[in-house]
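# Observations on the three-dimensional arrangement
Below, each chain spelled out in residue letters.
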Amino acid sequence: MALINSNPTTTAAWKKLQQHYLQMESISIKEMFANDTSRSEKYSIKWQEFLVDYSKNCINEETLKLLQDLAREMQLKQAITSYFDGENINQTENRAVLHTALRAPENAKVLVDGKNVIPEIYEVKNKMKNFTNEVISGVRKGYTGKPFTDVVNIGIGGSDLGPAMVVEALQFYKNHLNIHFVSNVDGDHVNEVIKKLNPETTLFVVASKTFTTQETLSNAETIRAWFLKSASQDDVAKHFVAVSTNIQKVTEFGINPANIFPMWDWVGGRFSLWSAVGLSICLAVGFDNFDDLLKGANQMDEHFKNESFDKNIPITLALLTIWYNNFFGAESEALIPYTQYLQKFAPYLQQGIMESNGKSIGRNGKPVNYETGTIIWGEPGTNSQHAFFQLIHQGTKLIPTDFIGFVQSLYGNQDHHDKLMSNFFAQTEALLNGKTEAQVKAEFEKQNLTGEKADFLLPFKVFAGNKPTNTLLIDKLTPKTLGSLIALYEHKIFVQGVIWNIYSYDQWGVELGKQLANSILDELKTNKIHPHDSSTTKLLQHYLSTK
Ligand code: F6P
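Heads up: these notes are all about the structure in this document. (Residues numbered from 1 in each chain as written. Predicted model: local features only at pLDDT ≥ 70, side-chain atom pairs only at ≥ 80, totals over all residues. Heavy atoms only, no water.)

## A closer look at the sheet that holds strand β2 (residues 50-53)
Our working rule: Pairing between strands is defined by DSSP: at least two bridges between the two strands are required. A run of DSSP states H or I qualifies as a helix once it reaches four residues; a run of E qualifies as a strand once it reaches two. Both are numbered from the N-terminal end. Structural elements are reduced to axes, namely lines fitted to C-alpha atoms, with helices fitted over the stretch in contact, and the angle between N-to-C directions of any two is expressed from 0 to 180 degrees.
Pairing in this open sheet of six strands is mixed, and the strands run β1-β2-β13-β12-β10-β11 from one edge to the other. Because the sheet does not close on itself, it has two edges, and the strands there are β1 (44-47) and β11 (375-377). The average undirected angle you get between the axes of adjacent strands in this sheet is 15°. Pairing geometry for β1 and β2, over four bridges, is antiparallel. Each residue of the ladder has a partner; that of Ser-44, found in β2, is Asp-53.

What follows is the structure, encoded as structure tokens:
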């Protein structure tokens, strides 16, 4: 069954939400806390190792009811069934969207065109398991008989960001292999990586769903040429493996068919870390940890699929984003993890969220008349506090923010962890409460600050507060909780796409730049500039005459 095709603004719930917004915009969240001592109890969800507190939002029971009604009117429940059942919900590419099948248990049955795909998934998983065990244990060796010490993942976008984010996030669980990532077509990137490597002990994973991506193929060719300076053509088979759906192109590139880890067109690039694209994760932390990551994601899948809307974490967070995006006019959202391990989480989700929901054509083929995908940004706390938090606290823009923190630290340095977490709790409290004039005056009094100077400073020191935040407090950063956390945001993307009536799983917008770059590359190579706008022509002339 195709997804519903209906403009969300025509639903009864949307119209009621517009009216409701007029009542809520002037209500302070702080006041709602003062009037209801059970607010945090009411607006939080405890699920496994997660405590999700969304009480510090400008919402009441009516808001949630109307948002859930909107989801119902946009037939979210049916859409979830279509998503998990492998129906062709990615209609612009005529594909299913089945990253969830990659983490389903072995006895599950997921049909694509009438065929159960679970046995193939497990075949590839077993291949990954055997391969990684051999590399980690040193049984599989390089061309001079030495065990591998380094692995380079060559990929870009979803074939880079997911593995790079998870390898960084699970550093604590890592083995002895050094994992590197080459993504940018900038030749300085690849050179900086290979300059530290020994070809005898380095394994290269070329990850590209399509195996046509310019950046990845250029980097793979450059690396193969560098490798062949010290090794022979026959040695390539020992050192290069590929992850792709395009077996023919991989074989043409010269990679041994036995070294190909297949994936499928129903896995979107930005959701592919659960597939063989996760091979570098597996090599970094071992298959069992990789499998725990998948199990954690599967548990979130089950929660999302089966839990009622009011206790459903991805649905609740998705509806809150819609509330701010479509009714308050908020344009961006910040993601602030209070762990350095998640420093690549926001960049990873920038692709996940912005490539998915950065769309302006509705499922009816017409331009939408409402806002869709939000701008995503963020950095770990506490670093971000000393960088851009000023704007969140006192700027003119509304920036709903997710705070993600962990009860336990991994090395157990309690003093540091308490300091870190005191900041985590303090920020959402400060964003909620702000600082009143009376509080600032009381502070001035204590400091004996009076007169003109005090009057002058007063307005600058007052914080309005009333800034919405969600707090995701998780017991500990483990492969399993990380899997659940990533899956949570994946499902949030899905819910928003369904309600915004857009296709979340294509990315045609990225194609235009690629096509233009190819034709400009031709001009740069042949030194013949074709007609462009005058700015582009001048820039190209300058480049060609000075390079
Ligand atoms: O940026 C566009 C895109 O198609 C992404 O969606 C994808 O993750 C990336 O390019 C890389 O594609 P591939 O894995 O096919 O090399």
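Next comes the rest of the write-up.
## Examining the site of the ligand
Applicable threshold: Residues are counted as near a molecule or strand when any one of their heavy atoms sits within 4 Å of it. Polar contact is defined as a pair of N or O atoms within 3.5 Å, subject to the rule that within protein one atom must be able to donate a hydrogen and the other to accept it, and that residues adjacent in sequence are counted only when both atoms are side-chain atoms. Accessible surface is estimated by sampling points in the Shrake-Rupley manner with a 1.4 Å probe; for residues, cover comes only from the protein chains shown. Think of a 1 Å grid over the protein atoms and nothing else: a 1.4 Å probe that fits but is trapped marks a cavity, an open set flanked by protein within 12 Å on at least five of seven lines marks a pocket, and residues with an atom within 4 Å of a point count as lining. To qualify as sitting in a cavity or pocket, a molecule needs more than half of its atoms within 2 Å of the grid points. Gly is put with the polar residues, along with every residue not named as nonpolar or charged; the nonpolar set is Ala, Val, Leu, Ile, Met, Phe, Trp, Tyr, Cys and Pro, and the charged set is Asp, Glu, Lys and Arg.
Around the ligand, 15 residues are found, and the nearest of them are Ser-159, Ser-208, Thr-210, Thr-213 and Glu-355. Taking Ser-159, its side chain carries an N or O atom lying 2.6 Å from an oxygen atom of the ligand. The side chain of Gln-351 places a nitrogen or oxygen atom 3.2 Å from an oxygen atom of the ligand. Protein chains bury 89% of the 400 Å² of accessible surface belonging to the ligand in isolation. Judged by the proximity of its atoms to the pocket grid, the ligand belongs to the largest pocket. Of all the elements in the fold, those that place two or more residues in the shell around the ligand are α15 (345-357) and α21 (509-526). Class assignment of the residues belonging to the shell around the ligand gives a composition of two nonpolar, nine polar and four charged.

## Focus: the sheet that holds strand β6 (residues 178-182)
Across a sheet, paired strands are connected by hydrogen bonds in the backbone, their directions being either parallel or antiparallel. Just so we agree on the cut-off: For this analysis, residues touch if any pair of their heavy atoms sits within 4.5 Å.
Strand order in the open sheet made by the five strands is β6-β5-β7-β8-β9, with parallel pairing throughout. Every interior strand has two partners, whereas the edge strands, β6 and β9 (260-262), have only one. Strand-to-strand twist in this sheet, taken as the mean axis angle between neighbours without regard to direction, amounts to 20°. Set on the sheet, helix α6 (residues 118-137) makes contact with β7 (202-207), β8 (240-244) and β9; between it and β9 the angle comes to about 145°. Here helix α9 (residues 214-228) sits on the sheet and contacts β5 (150-154), β6, β7 and β8; the angle it forms with β7, its principal contact strand, is near 160°.

## A look at the environment of Val-110
For clarity, the threshold we go by: Burial here depends on accessible area, computed with a 1.4 Å probe over protein chains only, as a share of the maximum for the residue type. Under 20% is buried, over 50% is exposed, and the range in between is partly exposed.
Residue placement: Val-110 occurs in the loop between α5 (76-84) and β3 (111-112). A relative accessible area of 8% means that Val-110 is categorised as buried. Distance from Val-110 to Leu-477, taken between C-alpha atoms, is 30 Å for residues 367 residues apart in sequence. Contact partners of Val-110, with chain neighbours within four places excluded, come to Phe-84, Leu-98, Ala-101, Lys-115, Asn-116, Val-117 and Ile-118.

## What to know about the layout of surface pockets
Test applied: Grid points are joined across faces, edges and corners, and a volume is the space filled by probe spheres set on the points.
Here the largest pocket is characterised by a volume of approximately 930 Å³. As for the largest pocket, its lining consists of 36 residues, and the residues nearest its centre are Thr-210, Thr-213, Gln-507, Glu-511 and Lys-514. Secondary-structure elements contributing two or more residues to the lining of the largest pocket are α9, α15 and α21. No other element matches the six residues that α21 contributes to the lining of the largest pocket. Its residues assigned to classes, the lining of the largest pocket comprises ten nonpolar, 17 polar and nine charged. Estimates place the volume of the second largest pocket at around 400 Å³. Taken together, 17 residues form the lining of the second largest pocket, with Thr-339, Gln-340, Ser-409, His-417 and Leu-420 sitting closest to its centre. Among the elements that line the lining of the second largest pocket, the one with the most residues is helix α17 (residues 414-433), at three residues. Residue composition of the lining of the second largest pocket, by class: seven nonpolar, ten polar and no charged.

## Thoughts on the packing of helix α13 (residues 287-306) against helix α14 (residues 313-328)
Spelled out, the test is: Should an angle fall under 35 degrees it is called roughly parallel, over 145 degrees roughly antiparallel, and 65 to 115 degrees roughly perpendicular, with every other angle called oblique.
As a packed pair, α13 and α14 sit with axes 7 Å apart at the nearest point and diverge in direction by 70°. When the axes of α13 and α14 are compared, the pair comes out roughly perpendicular. When α13 is examined against α14, the residues Met-300, His-303 and Phe-304 are found in contact with a partner set consisting of Ile-313, Pro-314 and Ile-315. Of the residues contributing to the contact of α13 with α14, the split by class is five nonpolar, one polar and no charged.

## A closer look at the pattern of salt bridges
Our working definition: For this analysis, a salt bridge means a side-chain nitrogen from Lys or Arg found within 4 Å of a carboxyl oxygen belonging to Asp or Glu.
Counted according to the given criterion, the structure contains 25 salt bridges. For Asp-69, the salt bridge is made with Arg-72, and the minimal N-O distance between the two is 3.3 Å. Here the residue Asp-69 and the residue Arg-72 both occupy positions in helix α4 (residues 61-73), the gap between them amounting to three residues, near one helical turn. Classification of Arg-72 as partly exposed rests on a relative accessible area of 46%. For Glu-355, the salt bridge identified is with Arg-270, shortest N-O distance 2.8 Å. Placement of the pair is Glu-355 in helix α15 and Arg-270 in the loop between β9 and α12 (279-285), with a sequence separation of 85 residues. Several salt bridges share partner residues, and in doing so they unite Asp-36, Lys-42 and Glu-61 into one network.

## Things to note about the packing of aromatic side chains
Applied cut-off: Side-chain rings of Phe, Tyr and Trp, where Trp is taken by its six-membered ring, are said to pair if the distance between their centres is within 6.5 Å; with planes under 30 degrees apart they count as stacked, over 60 as edge-to-face, and otherwise as tilted. In this analysis the charged atom, NZ for Lys or CZ for Arg, is taken to sit over a ring once it is within 6 Å of the ring centre and within 35 degrees of the ring normal.
For the structure shown, the criterion picks out 35 aromatic pairs. Ring geometry for Tyr-83 versus Phe-494: centroids 3.9 Å apart, planes at 10°, classification stacked. In this pair, Tyr-83 sits in helix α5 while Phe-494 sits in helix α20 (residues 479-499), placing the two residues 411 residues apart along the sequence. Here Phe-494 falls in the buried class, since its relative accessible area comes to 2%. Between Phe-211 and Phe-253, the aromatic rings sit 5.9 Å apart at their centres with planes inclined by 75°, giving edge-to-face as the arrangement. One end of the pair, Phe-211, is in the loop between β7 and α9; the other, Phe-253, is in helix α11 (residues 247-253), and 42 residues separate them in sequence. When its relative accessible area of 1% is taken as the criterion, Phe-211 is described as buried. Three or more aromatic residues joined by ring pairs make a cluster, and in this case those are Trp-14, Tyr-21, Trp-323, Tyr-324, Phe-327, Phe-328 and Tyr-370. The ring of Phe-261 has Lys-127 lying over it, and the distance from NZ or CZ to the ring centre is 5.1 Å.

Honestly, that's just the spatial picture; any functional story needs more than this.
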